[in-house]
Amino acid sequence: MVMQQYLLTYTGVVFALYLHHIIRAIEVPLDPNIQNELPQPPTITKQSVKDYIVDPRDNIFIDCEAKGNPIPTFSWTRNGKFFNVAKDPKVSMQRRSGTLVIDFRGGGRPEDYEGEYQCSARNEYGTALSSKILLQVSRSPLWPKEHLDLVEIDEGSPLTLKCNPPPGLPPPVVFWMSSSMEPIHQDKRVSQGQNGDLYFSNVMLQDAQTDYSCNARFHFTHTIQQKNPYTLKIQTTRGVMETTPSFMYPYGTSSNQIVLRGVDLLLECIASGVPAPDIMWHKKGGELPTDKTKLENFNKALRITNVSEEDSGEYFCLASNKMGSIRHTISVRVKAAPYWLDEPQNLILAPAEDGRLVCRANGNPKPTIQWLVNGEPIESAPPNPSREVAGDTIVFRDTQIGSSAVYQCNASNEHGYLLANAFVSVLDVPPRILAPRNQLIKVIQYNRTRLDCPFFGSPIPTLRWFKNGQGSALDGENYQRHENGSLEINMARKEDQGIYTCVATNILGKAENQVRLEIKDPTRIVRGPEDLIVKRGSLVRLDCRIKHDSTLKLTVTWLKDDTPLYIGNRMKKEDDGLIIYGVAEKDQGDYTCVASTELDKDSAKAFLTVLAVVSAPTNRMTALPKERPERPRDLELTDLAERSVRLTWIPGDDNNSPITDYVVQFEEDKFQPGLWHNHSRYPGSVNSAVLRLSPYVNYQFRVIAVNEVGSSLPSLPSERYHTIGASPEINPTGVQGAGTQKNNMEITWTPLNATQAYGPNLRYIVKWRQRESRESWSNETVRTTRHVVWNTPIYVPYEIKVQAENDFGRAPEPDVIIGYSGEDLPSVPRYFRIRQPNLETITLEWGHPEHPNGIITGYNLRYQAFNGTKTGRTLVETFSPNQTRFTLQRTDPISRYRFFLRARTQVGDGESIVEESPAPLNEATPTPAATSLPTTTVSLTSTTTIATTTTTAATTTTTVASTTTTTESAPTATIKQDFATNGSSIWNVKAFTNSNWANITWSHNFSAGTDFVVEYITSNNTVRSIPVKAQTPSSVQLADLTPGMTYQLWVFPKWSSPSENSYITFTTSSAYTKNHVDIATQGWFIGLMCAIALLVLILLIVCFIKRSRGGKYPVREKVEVLDHEDHKVDDPSFDYRSLESDEDNKEPPGSHTSLDGTIKQESDDSLVDYGEGGEGQFNEDGSFIGQYTVKKDKEETEGNESSEATSPVNAIYSLA
């Protein structure tokens, strides 16, 4: 309805104008036509962060975008001086943007472009400034070379191992590992401090079983540098004396700490003692804020998030064991960089109006406020008599055209600064009406209505309403005028009908618009249905007489038991009621008549009671049996015309059951001879009907009678009647164009039937051409229902038309349908990025193919863990076409991953793009066993999975489309999900599968007696649920599973519902065939194994003999070999991408290959004996990729000439 749609469309605009009118400020409407016409100073819409650290391997992008009218131009300063972009061939600005692009593909040093950048966007109405952007290039400095002596210490004494990592930008992540790449186990006795040092509250003999090496991981370059390892020698005593705690960090009994508002406060206390002390935290004079407090590092660190001024005060940590306790007090002072209290906002004024800009900020210390205009200090700007600066406020009085400018407010203190742009625009705009012209509003008599007239102008116009051209404005109790331009009529009467005019006026002119109001009569049911009690089989009439406005379209619907009533063959809907023939028990219930128009509706309800027929007494004749009626007879055709004929028949016997309906059928002998079609249906009280016919059809008819028992046999056919022909009136439907091969397009359609052909020789004119091309139409005339166009480009849109034609002429011009030529395999994704934000996850991002060559139906991802020459099993992920991001939950911190990604169309999978993951980032995950690579768990939080659920009323079957995971063996998965605020949760959900059953186990901490639900979905999208009583741990067996089927499974409390992403996936194993034979019991297999064992034994004997005969090589040759290796230690830094370089596969001089393929070097020197600098580096998965230098005494070299040692590289890989 025009009135309701208009009210909804302009509610936001009218309300916004109303609010701004009250405060005498002007807001430009969102209408793009108005915004494009009005001048507007520049406004910065996008800029880079203030502290901008970039990767030296990538091009540099410094964002700066702005809007304004006219479109702004951009310029840059660097370190306070103008930066001439045109003079540097490596620097450019993006089109219609100020974003700087520094391209290093042709060479260059990113460090040469470090500095402080600021962007300016200007047009003729002012200049806007970006924040100052400090550009810095990430650095990964080398670890300084140093020689670490053996650390000798008494058992039970405290110990601190210094790390002192090289400073990086950003600072590196520090972690401790042994030289064998095992993470150092940490607990309340041994832990790493925030400064990177490793603290021992007391040393134990077991601490000497490993060495300790500090590692630094640099984020941008993905490199890990290793410090020379510490080696401990523990001096044992007869007994370790228990000692009271003392603080190792911080020192003394008190310290001070300053933190900025809004960041995290981290307090740390590390204490020594035997036994290891426990740490507790307190705040003097108050409680710790529980909502943002977190204890870390075995209670040695206290973290308070999002610090505010209320968090200032004295905190103390208490270290205690059974020998005593000590405390350390930390005085915390919270400072604050500037933050906004009132940020200046854009100001739009009319000439001679007043306004003000307010810039209020707070901080500690209190920030100073500096005003700039168009990028220059306001003190040095040209004087403006209408402007007055008063501290944090600028007051404008009697502004004039030409005073538009952009003002900057800079609030700064020693901890930072804020910069905000706000423009002042002085506009003079004549009034404009924003509503559509000449609206029509309809309303029911005596209802409330509102006439809207949104407007805009500068100065703000005044608005008045007039009716039917009267000279005075509307006033009175029945009218209410609003400031936003609306006129509200409290009670619409017939005399209120007419044409209303709204007029907006300011000093620059006026604008007006008309609204026509029509008052309509209400819809009323004057006689509704009444409650009835009837016998089964009788006829019932329910009344529904309606009075309504004749100019409104009336719709009458019937409801039964408040649901829409299906009007079957026993019911007849009339203008003033409903008739039910042969009432049955199922017809009993509430019947509601609903009369509605576009403006209102009315309803009336009645209850129908149906009584069963009482059996006749036994002494009377029983009722006759009911049967299907006899067939109608004597069919006759009369009133013959071009498009109609009258059919008359004589009813047959109803066999004691009244005839309720007659079905008229027809048959034609051209297209489908012998096949009868339903033509029309008529009530049982009718025996003659006028039939509507189609041209050029040779009709014959028959009639079937229907009663409550069933249908009669068809009557004998009537004589034939052939209508004259005509040109088709409709064209084929279901026109489609789709390729069956990559170089064709098959056009198909639903043909016209016998009653639509309208003439002889029906054929189809098929036309096609490429969409949005200027080429002429290609065409072909066919008599089939398909046509194939060959030699088409791959997957391009075509315009298609299919027009019907017979000997009498053509059908009307058909509609144009868009089809597509054949698809092909897609190209590789545009890009494939692998990021590793932490050790637990790997994030994959990719772009859609540059040449999709069809509709992308999804993506296939195969990936495999590898560590040196060892590889894990291949896993497969299938993604929806909209998903371009995937998070992998890794359970192996050492291995890397190789990914193969390819897009998929309906034709098949395209070419793969192959990438490998960077080395792992986290040091805290233990190294897995060297015998195999663990199964990878897929993240339960994939970002773009699309799930669609469809539920039908008749069943509980649910169809779910989601991301699927396929592995070569049934996996288990572990999840944890919180369900209650008291911490109750479910975790460690696992599936142990066979071919047709699965055992499901989980752990939980819910109260006893809690009911659980195990819900799982098969790969054919069927949902099943099993209730389970609470146990610890809980388990249930799923039976009757399908072999080789993939399932998704949820576990959740009965009172809850499953979370969309908290499921595990498992696959049952394939079923064994009946002919399966255990290979281990076969004779030929046992014989083969024995032969292999004998062959291995012989080879071992031969190897032992050759080894006992081996000679020694000169010391000089060994020194040359080791000197050759020493040259490889020049640069201990490495990139993870060099892990697969050819250098790993070179055999060093003097080496030989063993039977198992590992390289042996003829020396028994250990890795520790070789290292002087110890700057060997590790990849993020812990793989050692540095080289060693050898400087040993001559006596040691000669004494080990004949021994053999594994190559350091192979020794490391043997641990993986």
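All of these numbers come straight from a predicted model, not from anything done at the bench.

Draft legend 1. Molecular detail of the overall build of the protein chain. Each helix and strand counted, the protein chain has eight helices and 95 strands in total. Burial statistics for the protein chain: of 1216 residues in total, 44% are counted as buried. The long-range share in the protein chain, meaning contacts at least 24 apart out of those at least 6 apart in sequence, stands at 65%. Just so you have it, the protein chain exposes about 63700 Å², and 50% of that area is on carbon and sulfur atoms.

Draft legend 2. Broad picture of a nonpolar patch on the surface. Together, L1094, L1097, I1098, I1101, V1102, F1104 and I1105 make up an exposed nonpolar region whose accessible area comes to about 680 Å². Tracing the backbone shows F1104 in helix α4 (residues 1083-1109). Since its relative accessible area comes to 62%, F1104 is described here as exposed.

Draft legend 3. Expanded view of the state of the cysteines. According to the stated counting rule, one finds six disulfides in the structure shown. C269 shares a disulfide with C317; S-S distance 1.9 Å. Its torsion about the S-S bond being -70 degrees, the disulfide of C269 and C317 is classed as left-handed. Taken together, the residues span a long stretch of sequence, with C269 in the loop between β22 (265-268) and β23 (270-274) and C317 in strand β27 (residues 313-321) at a distance of 48 residues. We classify C317 as buried; its relative accessible area is 0%. A sulfur-sulfur separation of 1.7 Å characterises the disulfide bridge that pairs C359 with C409. The chirality of the disulfide connecting C359 with C409 is left-handed, given an S-S dihedral of about -70 degrees.

Draft legend 4. Layout of the pattern of salt bridges. In this structure the tally under the stated criterion is 49 salt bridges. With a closest N to O distance of 2.8 Å, D207 and R189 form a salt bridge. Of this pair, D207 sits in the loop between β16 (198-200) and β17 (213-218) while R189 sits in the loop between β14 (173-177) and β15 (190-192), and the two are 18 residues apart along the sequence. Overall, the relative accessible area of 5% leaves D207 in the buried class. Taking the relative accessible area as the measure of exposure, R189 reaches 10% and is therefore buried. A salt bridge links R360 to D342; its shortest N-O distance comes to 2.6 Å. Of the two residues, R360 sits in strand β31 (residues 360-364) while D342 sits in strand β28 (residues 324-342), which places them 18 residues apart along the sequence.

Reading the values: the criteria
- Residues numbered from 1 in each chain as written.
- Predicted model: local features only at pLDDT ≥ 70, side-chain atom pairs only at ≥ 80, totals over all residues.
- Heavy atoms only, no water.
- Helix = DSSP H or I, 4+ residues; strand = E, 2+ residues; numbered from the N terminus.
- Buried < 20%, exposed > 50% of the residue type's maximum accessible area, 1.4 Å probe, protein only.
- Contact = heavy atoms within 4.5 Å.
- Areas by Shrake-Rupley, 256 points an atom, 1.4 Å probe, with all protein chains shown as cover.
- Patch = residues over 30% accessible without salt bridge, like charges linked within 9 Å, V, L, I, M, F, W, Y side chains within 5 Å.
- Salt bridge = Lys/Arg side-chain N within 4 Å of Asp/Glu carboxyl O.
- Disulfide = S-S within 2.5 Å.

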